[in-house]
Structures are given as C-alpha cells and as structure tokens.
Amino acid sequence: FRAGASALGLCLLPSATAIQPLLLGEAATALHWSEQLLGRGLLVPAIRPPTVPAGQSRLRVTLSAAHTEAEVERLLEALAEIARA
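Every chain is numbered on its own, with residues counted from 1 as its sequence reads. For this predicted model, a pLDDT threshold of at least 70 governs which residues receive local features, and a threshold of 80 or more governs which side-chain atom pairs are given and counted, while totals over whole chains, interfaces and linings are taken from all residues. Where side-chain values are given, they derive from all heavy atoms of the structure, hydrogens and water being excluded.

Caption draft 1: Spatial organisation of the sheet that holds strand 3 (residues 57-62). Pairing between strands is defined by DSSP: at least two bridges between them are needed. For helices the rule is a DSSP run of H or I covering at least 4 residues; for strands it is a run of E covering at least 2, with both sets numbered from the N terminus onward. A sheet is described by the order of its strands in space; here three strands give the open sequence 1-3-2, paired in antiparallel fashion. Whereas interior strands pair on both sides, the edge strands pair on one side only; in this sheet they are strand 1 (19-25) and strand 2 (46-47). Across the sheet, helix 2 (residues 27-39) lies against strand 1, strand 2 and strand 3, angled at about 30° from strand 3, the strand it touches most. We call two residues in contact when some of their heavy atoms are within 4.5 Å. Axis definition: a line fitted to C-alpha atoms, over the contacting stretch in the case of helices. Angles run 0 to 180 degrees between N-to-C directions.

Okay, structure coming up:
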C-alpha cells in the first residue's frame, strides 16, 4: 500500500503499523475523500480536529492480513480517481 500510495504522489505519514495515515490537510477535504471512498464501498474514516491539529486532517487507512492484494489495488485505484477529480 505504501509503495502504491507514494507512486500516486499521496502524502503518507510515517507508520510501521497496520494503520496508514493519509494526510489531506483540511477537514472538508478529508471528509470529501472519505465520502467518495464510501460511495465505492470502501470504509476509510476521516480523522479531523479536535482529534488531530487543524490543517492536519487525514484518512485512516486500516489494513489487515485478511486484505488481498486485489483489495489493496482497488483502494489505490479509488484514491487515484479521487485525486484526479
């Protein structure tokens, strides 16, 4: 996931865990991306103030060993589509 997100030019915060924070900045942007992903059947919650500082809203991508490579690719494709829009 990290390699694919980086190839898309997405800003991932450092994390060696199953939780991969995708920094988007403004709360409205994070909410929009989360809604767009949900519309594609992908549950990726927006994390925004007061949980994180203003201007550091993000998506909380949570991966597990149960996710297949195809599912991760589906997520990356959806993120690419949203980024282009």
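Caption draft 2: Looking closely at the pairing of strand 3. Summarising the sheet, strand 1 and strand 3 pair through six bridges and their orientation is antiparallel. Looking at the pairing, Leu-23 lines up with Arg-58 of strand 3. Pairing geometry for strand 2 and strand 3, over two bridges, is antiparallel. Across the sheet, residue Ile-47 finds its bridge partner in strand 3, namely Arg-58.

Caption draft 3: Broad picture of the side chain of Ser-57. With respect to the secondary-structure elements, Ser-57 resides in strand 3. We call two N or O atoms a polar contact when they sit within 3.5 Å, provided that within protein one can donate a hydrogen and the other can accept it, with sequence-adjacent residues counted only if both atoms are side-chain atoms. One polar contact links the side chain of Ser-57 to the main-chain amide nitrogen of Ala-27, over a distance of 3.4 Å.

Caption draft 4: Structural view of unusual backbone geometry. Note that the residue after Pro-49, namely Pro-50, is joined by a cis bond; omega there is 10°. Within the element layout of this structure, Pro-50 appears in the loop between strand 2 and strand 3.

Caption draft 5: A look at the environment of Pro-53. Tracing the chain through its elements places Pro-53 in the loop between strand 2 and strand 3. Through-space distance from the C-alpha of Pro-53 to that of Leu-8 is 25 Å; in sequence the pair is 45 residues apart.

Caption draft 6: Geometry of the nonpolar core. Of all hydrophobic cores here, the largest spans 20 residues; its most connected members are Phe-1, Leu-22, Trp-33, Leu-37, Leu-59, Leu-75 and Leu-79. When residues in this core are grouped by element, the largest group, six residues, is from helix 3 (residues 69-84). Ignoring any residue separated from it by four or fewer positions in sequence, one finds Trp-33 in contact with Leu-10, Leu-22, Leu-24, Leu-59, Leu-79, Ile-82 and Ala-83. The definition of a nonpolar core used throughout is a set of buried Ala, Val, Leu, Ile, Met, Phe, Trp, Tyr and Cys residues joined through side-chain atoms within 4.5 Å. The rule is simple: take the accessible area with a 1.4 Å probe, protein chains only, and divide by the maximum for that residue type; under 20% is buried, over 50% is exposed, in between is partly exposed.

Caption draft 7: A look at the environment of Ala-5. Looking at the element boundaries, Ala-5 is found in helix 1 (residues 2-7). Expressed as a C-alpha distance, the spacing of Ala-5 and Glu-77, which sit 72 residues apart in the sequence, is 9.7 Å. If we ignore the near neighbours within four places in the chain, the residues touching Ala-5 are Leu-10, Leu-12 and Leu-76.

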